Amino acid sequence: MISVDRISKSYGSGENVVHALDNVSLNIAKGEIFGVVGQSGAGKSTLIRTINSLERPDSGTVTVDGQNMNLLQGAQLRSARHNIGMIFQHFNLLSSRTVQSNVELSLEITGMDRGARRKRAAEILDLVGLSGKATAYPAQLSGGQKQRVGIARALASKPSVLLSDEATSALDPETTQQILDLIRQLSRELGLTVLLITHEMDVVKRICDSAAVMSQGRILEQGTVEGLLTTE
Ligand code: ADP
Ligand code: ADP
């Protein structure tokens, strides 16, 4: 479902060059939950940005659901992005809008009409267990509830891929577990492929099928989570 083939990306030049990604390759199967773990500066965010094509690699290719993300432009690129949902550490909700409206907003850009947007937003809020909070504002929610809205917004357009950028890093351990359980449940129910980046090995252990360990733009090790743990 996601194939990253020998991508490299550098910033700056000369003495100040930073190799954010150095010949990185990954293959993530449909329905798989794949973790990329590494410390700050390892290149994880750059990897995610090349996958949703916010950034183009200097070399190598990224294929998502059969489409070469490097070659897409305009309407094709927008359409490929609707197939990729994204969740964030700080949720990125709009504080002036209700929960329902935050979710509907992500559907506006897909061109769905108002009635269909309402219906879909209600459906997906139900799926993440937040039906009762549709008219609440983000400030009235707990961290875990905010991330449920984030997940609902990411999945509203029925993407086949979910990218998670430190999505549990701002949450306490118990809430972290609940959000990871929800992501796993949704991945199973919807056949969703998940790429999760985190600085916490513990998160990888709890939820991922396979994982890669990154440092200084390179993948040090990659394999099943069980395999990675036994070589520790
Ligand atoms: P991580 O997400 O693992 O913390 P990043 O992908 O954000 O790592 O960063 C990898 C390296 O690339 C870091 O050294 C960072 O400073 C550098 N970097 C990332 N984005 C940029 C940018 N837009 N301009 C310059 N350097 C960048
Ligand atoms: P802008 O006014 O900059 O075009 P939008 O109104 O599209 O931004 O979105 C505002 C905020 O909501 C952004 O910070 C963005 O991160 C977030 N957002 C909107 N739609 C989505 C989505 N489908 N997935 C993830 N985040 C989204």
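Residues numbered from 1 in each chain as written. Chains lettered and ligands numbered in written order. Predicted model: local features only at pLDDT ≥ 70, side-chain atom pairs only at ≥ 80, totals over all residues. Heavy atoms only, no water.

As annotated in an unreviewed UniProt entry, the protein carries the name Methionine ABC transporter ATP-binding protein and is attributed to Arthrobacter psychrolactophilus. Under Sequence similarities (unreviewed entry), UniProt gives the following word-for-word description of the protein: "Belongs to the ABC transporter superfamily." Of the protein, the UniProt comment under Subunit (unreviewed entry) reads exactly: "Homodimer. Forms a membrane-associated complex with FtsX." (UniProt positions renumbered as here; feature names shortened; annotations may be inferred.)

S.K.: Looking at this model, I keep getting lost on the packing of helix 3 (residues 99-108) against helix 5 (residues 143-155). Mind explaining?
M.R.: Helices that pack against each other are described as a pair by the angle of their axes relative to one another and the distance between those axes. Between helix 3 and helix 5, the least distance of the axes is 8 Å, while the angle of their chain directions is 30°. Relative to helix 5, the element helix 3 is oriented roughly parallel. Here helix 3 runs over helix 5; the crossing is right-handed. Every residue of helix 5 that contacts helix 3 at Val99, Asn102, Val103 and Ser106 is listed here: Val149, Ala152 and Arg153. (Axes fitted to C-alpha atoms, helices over the stretch in contact; angles between N-to-C directions. Helix = DSSP H or I, 4+ residues; strand = E, 2+ residues; numbered from the N terminus. Parallel < 35°, antiparallel > 145°, perpendicular 65-115°, else oblique. Left-handed = near helix turned anticlockwise from the far one by under 90°. Contact = heavy atoms within 4.5 Å.)

S.K.: In this structure, what is going on with the packing of helix 5 against helix 6 (residues 173-190)? I would like to understand it.
M.R.: One can describe the packing of helix 5 onto helix 6 by two numbers: an axis separation of 10 Å at closest approach and a directional angle of 20°. Relative to helix 6, the element helix 5 lies roughly parallel. Classified by chirality, the crossing of helix 6 by helix 5 is right-handed. Contacts between helix 5 and helix 6 involve Gly144, Gln147, Arg148, Ile151 and Leu155 from the former and Thr175, Gln178, Ile179, Leu182, Ile183, Leu186 and Leu190 from the latter. Residues of the contact of helix 5 with helix 6, tallied by class, amount to 7 nonpolar, 4 polar and 1 charged. (Nonpolar A, V, L, I, M, F, W, Y, C, P; charged D, E, K, R; others polar.)

S.K.: In this structure, what is going on with helix 1 (residues 44-51)? I would like to understand it.
M.R.: Side chains that are three or four residues apart share a direction in an α-helix, a result of its 3.6 residues per turn. For helix 1, the buried fraction is high: 6 of the 8 residues fall into the buried class. Among the residues making up helix 1, those that are buried are Lys44, Thr46, Leu47, Ile48, Thr50 and Ile51. (Buried < 20%, exposed > 50% of the residue type's maximum accessible area, 1.4 Å probe, protein only.)

S.K.: Sorry if this is basic, but what is going on with the pairing of strand 9 (residues 210-215) here?
M.R.: Regular strands place their side chains on alternate faces of the sheet. Here strand 3 (residues 33-37) pairs with strand 9 via 4 bridges, running parallel. Residue Val36 lies in a different strand from strand 9, and its bridge partner there is Ala212. As defined by bridge partners, strand 9 adjoins strand 10 (residues 218-224) across 6 bridges and the pair is classed as antiparallel. The partner of Ser215 across the bridge, within strand 10, is Arg218. Connecting strand 9 to the antiparallel partner strand 10 that follows it, the hairpin turn spans 2 residues, and Gln216 within it adopts a positive phi of roughly 50°. (Pairing = 2+ DSSP bridges.)

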